[in-house]
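# Residue-level structural notes
Residues per chain, in single letters:
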Amino acid sequence: MNLENYIRDIQDFPKPGIVFKDITPLLLSPEGRNQCLQQLVAAGAKHPIDKVVGVESRGFFFGTLVADRLQAGFVPVRKPRKLPFQTLSESYALEYGTDSLEIHADAIQPGDRVLIHDDVLATGGTAAAVCRLVERLGGEVVLCSFLMELTFLNGRQQLDNRPIHAVMTY
Ligand code: 5GP
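Since the structure is predicted, the reported quantities are computational estimates derived from the model, not experimental observations.

What counts, and at which threshold
Residues numbered from 1 in each chain as written. Predicted model: local features only at pLDDT ≥ 70, side-chain atom pairs only at ≥ 80, totals over all residues. Heavy atoms only, no water. Pairing = 2+ DSSP bridges. Helix = DSSP H or I, 4+ residues; strand = E, 2+ residues; numbered from the N terminus. Axes fitted to C-alpha atoms, helices over the stretch in contact; angles between N-to-C directions. Core = buried A, V, L, I, M, F, W, Y, C linked by side-chain atoms within 4.5 Å. Buried < 20%, exposed > 50% of the residue type's maximum accessible area, 1.4 Å probe, protein only. Contact = heavy atoms within 4.5 Å. Phe/Tyr/Trp six-rings, centres within 6.5 Å; stacked < 30°, edge-to-face > 60°. Lys NZ or Arg CZ within 6 Å of the ring centre and 35° of its normal. 1 Å grid on protein atoms, 1.4 Å probe; cavity = no way out; pocket = protein on both sides within 12 Å on 5 of 7 lines; lining within 4 Å. Points joined across faces, edges and corners; volume = space filled by probe spheres on them. Nonpolar A, V, L, I, M, F, W, Y, C, P; charged D, E, K, R; others polar. Near = heavy atom within 4 Å. Polar contact = N/O pair within 3.5 Å; in protein donor to acceptor, adjacent residues only side chain to side chain. Areas by Shrake-Rupley, 256 points an atom, 1.4 Å probe, with all protein chains shown as cover. Sits in = over half its atoms within 2 Å of the grid points.

## Let's talk about the sheet that holds strand E7 (residues 113–121)
In space, the 5 strands of this open sheet follow the order E4-E3-E7-E8-E9, with parallel pairing throughout. One side of each edge strand has no neighbouring strand; the edge strands of this open sheet are strand E4 (73–77) and strand E9 (164–169). The mean angle between the axes of side-by-side strands here comes to 20°, regardless of whether they run parallel or antiparallel. Pairing of strand E3 (residues 51–55) with E7, which is carried by 4 bridges, proceeds in the parallel orientation. Bridge pairing in E7 places Gly54 opposite His117.

Right, dumping it as structure tokens:
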């Protein structure tokens, strides 16, 4: 089946006017998951990767699987005050106000080659903040990897020239 068939549009979620791409039908399907995973792994395998960084929370589903297949470490990036050890924090702009994400200070070593994974690239604020966290620790962002890129939101611009791969584009 076409992978797009596993993605469900939810009108007005989480707010009126937003059409949310729901990945839960994809998660329900072993066949759909496998197809996605193969594509994510193939894109990641073009580069040597030391660590896969997954973004809370939907970046954890495939992030750990990709890390396993690439024989790389997995690093969770989480919402504030969720990680127990010493952290670095980066803020990013939302439509109203700011939010932030944290990483463990010892999760990335200088020179580590890093693949960042999240489910969706929308405006790019989230992924750009994760890139900054990785680079502040001395890591090199080798690939930003997503299930979906919403191209009409121009998230690529926020990621400068960092390489991007998305399984599906809208
Ligand atoms: P951005 O910072 O690029 O605007 O938003 C990306 C972040 O918001 C990702 O962590 C992603 O999980 C979430 N997100 C934004 N829009 C959607 C959507 O339509 N579907 C899903 N599943 N996540 C979204």
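Now that the structure has been shown, we can carry on.
## Examining unusual backbone geometry
Cis geometry marks the peptide bond from Phe13 to Pro14, where omega comes out at -5°. Among the secondary structure elements, Pro14 is positioned in the loop between strand E1 (8–11) and strand E2 (19–22). The residue after Glu56, namely Ser57, is reached through a cis peptide bond having omega -10°. Positionally, Ser57 belongs in the loop between E3 and helix H3 (58–70).

## Topic: the nonpolar core
Formed by 27 residues in total, the largest nonpolar core has its most connected members in Val53, Ile103, Ile108, Ile116, Phe146 and Leu159. For this core, the secondary-structure elements that each account for two or more residues are E3, E4, strand E5 (87–93), strand E6 (98–104), E7, helix H4 (125–136), strand E8 (140–149) and E9. For this core, the leading source of residues is H4, giving 7 residues. When neighbours within four sequence positions are excluded, Phe146 is seen to be in contact with Leu40, His117, Asp118, Asp119, Val120, Leu121, Ala127, Leu159, Ile164, His165, Ala166 and Val167. Core analysis: the next-biggest nonpolar cluster, separate from the first, contains 26 residues, Ile23, Leu37, Val52 and Phe62 among them.

## Things to note about the packing of aromatic side chains
One pass over the full model with this rule turns up 2 aromatic pairs. Judged by centre distance (5.0 Å) and plane angle (75°), the ring pair of Phe13 and Phe20 falls under edge-to-face. Owing to a relative accessible area of 42%, Phe13 belongs among the partly exposed residues under this scheme. Exposure remark for Phe20: the relative accessible area of 21% places this residue in the partly exposed category. Ring centres of Phe60 and Phe74 lie 6.0 Å apart, and the angle between their planes is 85°; this geometry places the pair in the edge-to-face category. With a gap of 14 residues between them, Phe60 in helix H3 and Phe74 in strand E4 connect regions that are remote in the sequence. According to the relative accessible area criterion, Phe74 is partly exposed, its value standing at 29%. In this structure, Lys21 packs its charged tip against the face of Tyr170, placed 3.9 Å from the ring centre.

## Concerning the layout of surface pockets
The volume enclosed by the largest pocket comes to roughly 1,200 Å³. Examining the composition of the lining of the largest pocket, we find that 4 residues originate from one element, E7, more than from any other. Classifying every residue of the lining of the largest pocket by side-chain character gives 19 nonpolar, 7 polar and 9 charged.

## Details of the site of the ligand
Around the ligand, the structure places Phe20, Lys21, Arg58, Asp118, Asp119, Val120, Ala122, Thr123, Gly124, Gly125 and Thr126. Contact distances for the ligand include 3.0 Å between an oxygen atom and a side-chain N or O atom of Arg58. Contact distances for the ligand include 3.4 Å between an oxygen atom and a backbone N or O atom of Gly125. Alone, the ligand offers 500 Å² of accessible surface; in the complex the protein occludes 83% of this. Assessed atom by atom at 2 Å from the grid points, the ligand resides in the largest pocket.

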